[in-house]
Structure formats: C-alpha cells, structure tokens
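Spelled out, the chains give:
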Amino acid sequence: MGLLTIGAFARASGLSPKALRLYDELDLLRPAFVDPVSCYRLYGPDQLERARLVAWLRRIGMPLARIRTVCGLPPAAAADEVAAYWDQVETDTDARRGLAAFLVDELRRKDTGMTPTFALRYAVRSDRGLVRESNQDRAHAGPRLLAVADGFGASGAQAPAAAAIEALRHLEDGTHGSVLGALQDAVRGAGDAVRELVTSDPAMAGGGTTLTAVLWSGSRLALVHVGDSRCYLLRDGGLFQITHDHTVVQSLVDEGRLTLDEAASHPERAILVRALHDGPEVRADVEVREVRAGDRYLLCSDGLHSVVPQARLRSVLVDEADPEAAVLALVGLAIEGGGPDNVTCVVADVVPA
Ligand code: MN
C-alpha cells in the first residue's frame, strides 16, 4: 500500500486534516513525505497506529505535550503514563465534584434564603507537652471557624502560628458570598502575615507555621490545609484522615518508597515540604465537604497524631461523647506518650441547628 493523502489518512485515523497539520507543526505526528513542490503531506499506512493512539488520547483529554511524551515511550511505560494521567484526572474530578456541589448549594441558598441545617458543638485544648520550652501551637474553635496552627522556628518564638490564627479570626463574624472564597482570602492574608513576620525580624528567620482550618457554612464546610497538622473525620464509627501531610516522608509513601508503618517512625517525619508562607502564593489544599448529623471532626497538630496511634484516637473519639472530655483525654494520651512536642486539638460535632 502506497502513501496516503492527508484526506485519506484523516478518514482512516479519525483525526481531522486540520488536526493533522497541527500535529505536524508540533512534531507529534510528522507526515512520511511532504511534496516539495505542492507541499502536500503524505502519510504511510504504518503511521496509522500512532495516529489512532493520538486520537484516543485526545479523546480522554490528554494535553498534546503529554501525548508527545506517551508516543515516545515503549508500550509498558506508555501504559504507566496513561494510567498516571488518568489517576490525576480522577483526583482533580473528585475535588471539583465537591466544589461544584458546594456552588450549587450556595446559589440555591441565595435564592431560597435557606437557613443552616446544622451547628457545631466544639472544644479546643493546647498543651506545651513535657519537652518543649514553650507552646508554639495555636488553635481556635468557634461557631464558624476551627483552626490549628503548629508554629516552628526560633526557639520560644510563638508568633508565626499566632499570626496565622489571628488573620483568620474575622471569619467568625460571618462572611458575604462564598465561604470557600472567604476562607481562601483569609488564608492568603494569613500567609502574608506570617511572611511579613519572619522576614521583618532576623530572630524569626526560618520560622513558619502549618495551618489546618475549617470554615462552616451550616451544611457544608470548606477545609484548607498546609503542612502536617491533620483533620480527621469520625463517621459511622470509622476514623478517616481527610488531610494529606505535606511532609518529605509522606511524599516517599506516595511514591511507594516507604510504607505507612515505616513512615510513622521515620526520624525525618516532621520535615515539611510546604508551610503556610513559602512562595508568593499559598499552596494550600482546598476542599469543600458535605457534612452529616453525627459527624465528628478532629483537628490536631503532630504533637498528637505522631504520638498517639490512630486506633487510640478513634477509641477516645468514640467513647467520649462530650467534645470537652474528648480534647482533655486526647491531650492526656499525648502527655502519657512522653509529650515530646506541643500538642493541640480541636474536636467538633455536627449537631442539628
Ligand atoms: Mn508540632
């Protein structure tokens, strides 16, 4: 079989002539031969397989630059690359699903003036622990806002976490418009406040803070998270970690180079890959979650979750009905475990309004 004209090749591959010209320019799919006089592009039948692969990858939404990478790989590696791309798509879609549901909800509420369905019943406790000189953790728990910040840097410096929490506090006064937007703005403000602090005072250099915060809208909550403090959800008796640690060790776990058990005792488990103020833009994870009556949230610093195993956290959260009793018991467990770090936790129950 001889060379095919661009029209014939387009029909056979399912790509349009216009797309074929673009892919030629992008070096994604070069014609076998270009007539020097007419400039007509001619394709070999052996190019059909690659063209069809490009067409399929376009159909799953893969960007052209990534398609070029896939096409340059041997089949097994190409398969891995497509699988990795699709995992990413699904993760992004999950995040967008929550956001879309939230937006629908907010717009409906604006229309109907719907009143909140649930309220929060909460308690907060923070303790220096048995080893550290001062408590660099800060927390806030109120009717609308829950937040835990774990500050680090110059010994005794209490400011980074305090500055972050202070910058969020106005969210308690209520927000106009989207809670997610309000929370994101406030977190950006908190990042600026911390950056200002650690760059203006040489004694503060290298300092910073984690931030895990929840803003409550009555039926949904917006969650932002940077660093290695955590948010857990107790639902139907199961305890689920719903934030992802931004630590070197967690990155190794994600890459399959470390098991969760190895991570729990890793000497460098507290080394962060992200903190609130690094870089001009706060790189926080943002999420909107639907809540159910009976849900219980735990926000805590690593002084709790790196000392007390998750099964113990769960049993305390199941057994202690009162949030106040729960935070007391949780901090007590961290102290019993040696209290090597500042320990801070917020427990909040979703109750009928
Ligand atoms: Mn800590």
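These notes cover the structure that comes with them. None of these values were measured; they are calculated from a predicted model.

### What about the packing of helix α3 (residues 48–59) against helix α4 (residues 64–71)?
Turning to step 1, where the next piece is worked out: Look at α3 against α4: their axes get within 10 Å of each other, and the N-to-C directions meet at 140°. On the basis of the axis angle, α3 is oblique to α4. Judged by the twist between their axes, the crossing of α3 over α4 is right-handed. Facing Arg-50, Leu-53, Val-54, Leu-57 and Arg-58 of α3, the residues of α4 in contact are Leu-64, Ile-67, Val-70 and Cys-71.
Turning to step 2, where the next piece is worked out: Its residues assigned to classes, the contact of α3 with α4 shows seven nonpolar, no polar and two charged.

### So, the environment of Cys-300
Turning to step 1, where the next piece is worked out: Along the chain, Cys-300 falls in strand β13 (residues 296–300).
Turning to step 2, where the next piece is worked out: Along the backbone, Cys-300 and Thr-212 are 88 residues apart, and their C-alpha atoms lie at a distance of 8.3 Å.

### Quick look at the side chain of Asp-349
Turning to step 1, where the next piece is worked out: Tracing the chain through its elements places Asp-349 in strand β14 (residues 343–352).
Turning to step 2, where the next piece is worked out: Of the residues examined, Asp-349 reaches a relative accessible area of 6% and is grouped as buried.
Turning to step 3, where the next piece is worked out: Only 2.6 Å separates the side chain of Asp-349 from the side chain of Arg-296, close enough to count as a polar contact.
Turning to step 4, where the next piece is worked out: Apart from the residues lying within four places of it in its own chain, the contact partners of Asp-349 are Ala-119, Leu-120, Arg-121, Asp-295, Arg-296, Ala-321 and Pro-323.

### Considering helix α1 (residues 6–13)
Because the α-helix completes a turn every 3.6 residues, residues three or four places apart line up on one side.
Turning to step 1, where the next piece is worked out: By the burial criterion, the buried members of α1 are Ile-6, Phe-9, Ala-10 and Ser-13. Looking straight down α1, one finds that the buried residues subtend no more than 105° of arc, so they occupy a single side.
Turning to step 2, where the next piece is worked out: Elements that come into contact with the buried residues of α1 comprise β1 (4–5), α2 (17–25), β3 (41–43) and α3.
Turning to step 3, where the next piece is worked out: Phi for Gly-14, located one or two positions after α1, is positive at around 85°.

### Some points on unusual backbone geometry
Turning to step 1, where the next piece is worked out: Positive phi outside glycine occurs at Asp-27, with the angle close to 65°.
Turning to step 2, where the next piece is worked out: Given a relative accessible area of 42%, Asp-27 falls into the partly exposed group.

### Some points on the packing of α1 against α2
Turning to step 1, where the next piece is worked out: Relative to each other, α1 and α2 sit at 100°, their axes nearing to 9 Å. Here α2 runs roughly perpendicular to α1, going by the angle between their axes. Where α1 abuts α2, its residues Ile-6, Phe-9 and Ala-10 lie against Pro-17, Leu-20 and Arg-21.
Turning to step 2, where the next piece is worked out: Each residue belonging to the contact of α1 with α2 can be placed in one class, and the counts come to five nonpolar, no polar and one charged.

### Describing the environment of Pro-352
Turning to step 1, where the next piece is worked out: By the secondary structure assignment, Pro-352 is in strand β14.
Turning to step 2, where the next piece is worked out: For Pro-352 and Thr-117, which are 235 residues apart along the polypeptide, the C-alpha to C-alpha distance reads 6.3 Å.

What counts, and at which threshold
- Residues numbered from 1 in each chain as written.
- Predicted model: local features only at pLDDT ≥ 70, side-chain atom pairs only at ≥ 80, totals over all residues.
- Heavy atoms only, no water.
- Axes fitted to C-alpha atoms, helices over the stretch in contact; angles between N-to-C directions.
- Helix = DSSP H or I, 4+ residues; strand = E, 2+ residues; numbered from the N terminus.
- Parallel < 35°, antiparallel > 145°, perpendicular 65-115°, else oblique.
- Left-handed = near helix turned anticlockwise from the far one by under 90°.
- Contact = heavy atoms within 4.5 Å.
- Nonpolar A, V, L, I, M, F, W, Y, C, P; charged D, E, K, R; others polar.
- Buried < 20%, exposed > 50% of the residue type's maximum accessible area, 1.4 Å probe, protein only.
- Polar contact = N/O pair within 3.5 Å; in protein donor to acceptor, adjacent residues only side chain to side chain.
- Arc of directions from axis to C-beta.

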